[in-house]
Amino acid sequence: MPVYEFQCPNGKITEKMVKMGTRQITCPHCGKKATKILSACTFTLKGGGWYADGYSSSKKGKK
Ligand SMILES: [Zn+2]
């Protein structure tokens, strides 16, 4: 299973191994919902810093 990163409303990032398609988990730190911040390739995040911000907002868009 792939490892994804999730961010809760407190800004805490949690790495967790989850099934593909999982969009959110419960933050182990505060118990709130943490949403996935990158769909794949967590190593890219670690190496390149915070491009995930623009990625998620551009992908989100409006339906
Ligand atoms: Zn949290």
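Right, let's walk through the structure included here. If you're wondering where the values come from, they're calculated on a predicted model, not measured in any experiment.

We now examine the pairing of strand β4 (residues 33-36). As defined by bridge partners, strand β1 (residues 3-7) adjoins β4 across 2 bridges and the pair is classed as antiparallel. Looking at the pairing, F6 lines up with K36 of β4. Relative to β4, strand β3 (residues 24-26) runs antiparallel, the two being bridged by 3 bridges. Each bridged residue has a counterpart across the sheet, and for Q24 the counterpart in β4 is T35. Taking the residues between adjacent antiparallel strands as the criterion, β3 and β4 are bridged by 6 residues, where G31 takes a positive phi near 80 degrees.

Below, the discussion takes up the coordination of the zinc ion. Ideal values differ by geometry: the angle at a metal is 109.5 degrees with four tetrahedral donors, but 90 or 180 degrees with six octahedral donors. Coordination of the zinc ion by the protein comes from C8 (SG), C27 (SG) and C30 (SG), over a distance range of 2.3 Å. Within one chain, the residues serving as donors to the zinc ion are arranged as C-x18-C-x2-C. Look at C27 and you get buried, because its relative accessible area is 2%.

A few words now on the side chain of T22. Secondary-structure assignment places T22 in the loop between β2 (13-17) and β3. Once you skip the residues sitting within four places of it in the chain, T22 turns out to touch F6 and K36.

For the rest of this paragraph, the subject is the sheet that holds β3. Across the sheet, 4 strands lie side by side as β2-β1-β4-β3; this open sheet has antiparallel pairing. Whereas interior strands pair on both sides, the edge strands pair on one side only; in this sheet they are β2 and β3. Neighbour-to-neighbour, the strand axes of the sheet open up by a mean angle of 35 degrees, direction not taken into account.

Another point: the environment of N10. By secondary structure assignment, the location of N10 is in the loop between β1 and β2. On the basis of relative accessibility, which here comes to 53%, the residue N10 falls in the exposed class. Taking the C-alpha atoms as reference points, N10 and H29, 19 residues apart in sequence, are found 9.3 Å from one another. When sequence neighbours within four positions are dropped, the list of residues in contact with N10 reads C30 and K32.

Rules of the game
Residues numbered from 1 in each chain as written. Predicted model: local features only at pLDDT ≥ 70, side-chain atom pairs only at ≥ 80, totals over all residues. Heavy atoms only, no water. Pairing = 2+ DSSP bridges. Helix = DSSP H or I, 4+ residues; strand = E, 2+ residues; numbered from the N terminus. Donors = N, O, S within 2.8 Å, 3.2 Å for Na, K, Ca; no water. Buried < 20%, exposed > 50% of the residue type's maximum accessible area, 1.4 Å probe, protein only. Contact = heavy atoms within 4.5 Å. Axes fitted to C-alpha atoms, helices over the stretch in contact; angles between N-to-C directions.

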